[in-house]
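Residue-level structural notes
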Amino acid sequence: MPTNFTVVPVEDTPIANADYDGEILKDEDKEEPHTAAGHYSGDETPRETCSLISTDHDDSIYGINMALYEDEIDSTPMVSSLLNKLANYTNITQGVIEHEKAESEDGIQRVPVNGPQMGTFIGVFLPCMQNILGVILFLRLTWIVGTAGIMDALAIVFMCCSCTMLTAISMSAIATNGVVPAGGSYYMISRALGPEFGGAVGLCSYLGTTFAGSMYILGTMEIFLTYIMPNAAVFKAGTGEPNGMQNNMRIYGTCCLAIMVLVVFVGVKYVNKLALVFLSCVMLSIMAIYAGVIQSAIKPPDSQVCLLGNRMLQNSMFDKCQKTEVINNVTTPTKLWTLFCEGDLGNATCNEYFTQNNLTVIQAVPGLLSGVISDNMWAHYGKYKTIVEKEGKSSEPASDKTSEMPYVFNDITTFFTLLVGIYFPSVTGIMAGSNRSGDLRDPQRSIPTGTIMAIATTSFIYISCVVLFGACIDGVVLRDKYGESVNGSLVVATLAWPSSWVIVIGSFFSCCGAGLQSLTGAPRILQAISRDGIMPFLQVFGHSKSNGEPTWALLLTAAICEIGILIGSLDNVAPILSMFFLMCYLFVNLACAVQTLLRTPNWRPRFKFYHWSLSFLGMSLSLSLMFVSSWYYALVVILISGCIYKYIEYRGAEKEWGDGIRGLSLNAAQYALIKLEEAPPHTKNWRPQLLVLLKLDSDLGVKHPRLLSFTSQLKAGKGLTIVCSVLEGTYMARENIKAAMAKEKTKGFCHVVVSSNQRDGFSHLIQSAGLGGMKHNAVLMAWPANWKQSESNLSWKNFIETVRETTAAHQALLVAKNIDSFPTNQERLGVGTIDVWWIVHDGGLLMLLPFLLRQHKVWRRCKMRIFTVAQMDDNSIQMKKDLQMFLYHLRLDAKVEVVEMVRYNFDQHKLKISCNSHATLNDKAKPTSDRVHMTWTKEKLISERNRLREANMTVRDIFSMKPDQTNVRRMHTAVKLNKVVVNKSQGAQLVLLNMPGPPKNQGGDESYMEFLEVLTEGLKRVLLVRGSGREVITIYS
């Protein structure tokens, strides 16, 4: 692709002047529309636009000393120009170009615009910390530790953190291998694995980030409605509204989403300002947890839990953990007693379990030195609606209606893999910085440093919290998900110091900040995908405001986020976004591994601490976690990704990004070509590798486009196709041939040879087309129609020479006669037959071609018939049985018919040939010496030689006959054989015939053309087949 560039004089460049940098950027922007509109020809790889190279030149710059290279300046820039542009290059941030373009359209003079340039701490570390230290740490980690135990919880945290750390290492290598513009993870994957993988994984990353926003908003509302303002609930849970809590989450979550979208719409800089405030609250909350742990070792907090037997009670429903109390020397029932009993104290009817078991009070937080860590070491999984019980405490069994009692229940059935799916979203914030790469001052430095630092910091926090929670808090309290046993307070808040409200407020702002970060990053991923144009239906979401904010993408993100909010449960949303993120991480690791193993020259990451084995380990871990968390969600996400991949492939994403998949294909092709050249292919692996010889008309258009249709119909063998043409003096027909190939859906390579004459050109193509072991083994061409009426004899002479060339090269030859009557790829032939006239055996190609054709939808309804010719001394009945058995072993379904050719006598230039069908077998005459075999085998040749010797005539005498006698004999053979073929196959959809070999001497060339013309006369579609002599079909498996 020709690229337009800007002239920057070297001598007078005020490099230190900031205004001058702005002028350079403005000039580059002016050139961009011309660059995008450039054209390139053929299959040549279009070069990506680069603002670093200047090809325009001025004589004053290069002077006389560079005159030696003046003819090359347009294609190869001078070093001085290249270095000058590199020195003055400025990375234009996201949104600046759009802003300048909007001002220029208004007629206002363009001025340099400074976008939000962020460093490592503000741009990467803080967003990652906010997303990682989000809702799960404060709302679910204590419950995970209590349910799974410390050992299983550590295993969960270790697996998830290892996955994200390995992914971050791979991502760091990719991010430091070049400039990473807006799009982050999508950009890295698409440029490393191609547009198909990039689009599929990019949308997965987008959907994951969007559902993460839903999860953070639901977490925010859970904290608000459960721990901050329970009275604000519109629907009361348990009072005729079993889904009351979920309905409250939906209403308040929608309102919260609207507020967050408005904040993001105003601008990313306000989100960044709020981010520091939110993260400060998060860090204060974490510090309060560590302070509470230290305080618990000195003086445990006075937080008590009431147990009935070994069952935990909701103490928010009563004030004292007593059955009765004495007031003014009178024993009166407590509020707890009224929950289990009916009637007065003297004649009350009480719950059996309440009567037989005593109430006990235990400390919710025994403290760091209490030894409770031994009780919390192992898992305590439970089923749905089972009561949370304290292990090791005895109780009297009794039957009661537990569902109506004030116990603490498990709201879901718990098991290890479920907890993995719920916990994993807490580590998915590692892409928060890379998603906003367009707003970073130096993405190559900031993304690796900030991301790895954030993962290391948060991994330490998670691991330490798992151990400290298990060491300080009683296990029965840890399994209380919503803190119903501690007065409806957040369980982790009972450990905080100096106040539990520090945790509650900190977790609330943590979820708010993480939600804002998700709503900021997700639209930018969608905008980057839309602007690449790989999915046309998303192009509307590539538009943005004047400051670069993706407005339409933000609205779609809000709509999808609302779907997650309507689910109404944090535990149900978490596994969904886990799948999307794990799919994204899987392909990030795959991209790094592929690039590392290929060792492409452009793979030069600045980040050196990576290895392909680490990437493969991260990829395997991501895939394992997907199926461990939820196998059915994993299959759905894989199916979605596959559909997106096939859609982009179907739409034809014409993007050349130097991706690793293309490099992998190149390496695989190189390896395969070398292996193919080591030994000839086995018969079982033989397939037609076609060299299609096309003729062009005077306007350089394809003369017989249906030859390409027939080629694509023959491609059931999945072989190589090279479409060639020979021109005399010009090279401009390549695009015409490629257009015709695309129209006829012929997949293959286009090759144009310029030669002084077509004869030499076709000879060169037959000899040299292909590479290594990937060479053609068959030549397909059209019959030279109207060769008799042609003023020049070049057409049929070139044809015969091509036949000789293919014979000498041991290649098969397919000649399509009446090619313009062959069906196109859009036609569907009705019921008919493909007739094979098997005269001589030259490798079985005649058998294989109809089978390949019938794999195509054009010929699928056609039946296959095979005709063979029997001589007078052949047992035609046995031949038919043998042929049927042969076809059975070949796994070919065809009808067999044997045609007999009786003897003929020649006398003085006259030969009489009579034809008889299978029914005249009993009237066979004895063979005589003047018979000529139509089917030659070794045995027939010996018997023929003996008969000729008896008649004092040798084979040499036959071939030394005068040319006119030989031609007459051949002509009569052609006439009689044509009569038989027309009689049997005139109504066939296609007739395949053995093609006779060309004459040894050139004097009989014209007669040879006459023979072929007569042989195929009266047939609608004919394919003359001349095998290469080697077997191409076998009965063996």
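The structure this text deals with has already been given above.
Quick summary incoming for the structure in this document. Keep in mind it's a predicted model, so treat the numbers as computed, not measured.

**Thoughts on the overall build of the protein chain**
Counting secondary structure elements, the protein chain contains 32 helices and 18 strands. Here the protein chain holds 1037 residues, and the buried ones make up 52% of them. Of the roughly 47600 Å² of accessible surface on the protein chain, 57% is carried by carbon and sulfur atoms.

**Points about the sheet that holds strand β2 (residues 311–312)**
Adjacent strands of a sheet form backbone hydrogen bonds with each other and so pair up, either parallel or antiparallel. Taken in spatial order, the three strands line up as β2-β1-β7 in an open sheet, and their pairing is antiparallel. Of all strands in the sheet, those with a lone pairing partner are β2 and β7 (359–363), marking the two edges.

**Some details on the pattern of salt bridges**
By the definition in use, this model includes 14 salt bridges. E222 is paired through a salt bridge with R140; the nearest N and O atoms lie 3.1 Å apart. On the criterion of sequence distance, the pair formed by E222 in helix α9 (residues 195–228) and R140 in the loop between α6 (135–139) and α7 (141–175) is long-range, its members being 82 residues apart. R140 carries the same exposure label as E222, and that label is buried. A salt bridge links E325 to K320; the shortest N-O distance between them is 2.7 Å. Exposure remark for K320: the relative accessible area of 36% places this residue in the partly exposed category. One salt-bridge network, in which partners are shared between bridges, spans R140, E222, D411, K481 and D571.

**Concerning the nonpolar core**
In terms of nonpolar packing, the biggest core is built from 163 residues, with Y423 and F469 touching the most fellow members. Looking at this core, the element that brings in the most residues is helix α19 (residues 570–598), giving 20 residues.

**Brief notes about the side chain of N248**
Note on placement: N248 falls in helix α10 (residues 244–266). Once residues lying within four places of it in the same chain are set aside, the contact partners of N248 are L225, A233, V234, F235 and G253.

**A short note on unusual backbone geometry**
Note the cis peptide between W497 and P498, where omega equals 10 degrees. Inspection of the secondary structure puts P498 in the loop between α16 (475–478) and α17 (500–532). The residue N329 is not glycine, and still its phi comes out positive at about 60 degrees. Tracing the backbone shows N329 in the loop between β3 (324–327) and β4 (330–333). The exposed category is assigned to N329, whose relative accessible area is 78%. If you check the backbone angles, H810 has positive phi at about 55 degrees while not being a glycine.

Reading guide: rules and limits
- Residues numbered from 1 in each chain as written.
- Predicted model: local features only at pLDDT ≥ 70, side-chain atom pairs only at ≥ 80, totals over all residues.
- Heavy atoms only, no water.
- Helix = DSSP H or I, 4+ residues; strand = E, 2+ residues; numbered from the N terminus.
- Buried < 20%, exposed > 50% of the residue type's maximum accessible area, 1.4 Å probe, protein only.
- Areas by Shrake-Rupley, 256 points an atom, 1.4 Å probe, with all protein chains shown as cover.
- Pairing = 2+ DSSP bridges.
- Salt bridge = Lys/Arg side-chain N within 4 Å of Asp/Glu carboxyl O.
- Core = buried A, V, L, I, M, F, W, Y, C linked by side-chain atoms within 4.5 Å.
- Contact = heavy atoms within 4.5 Å.

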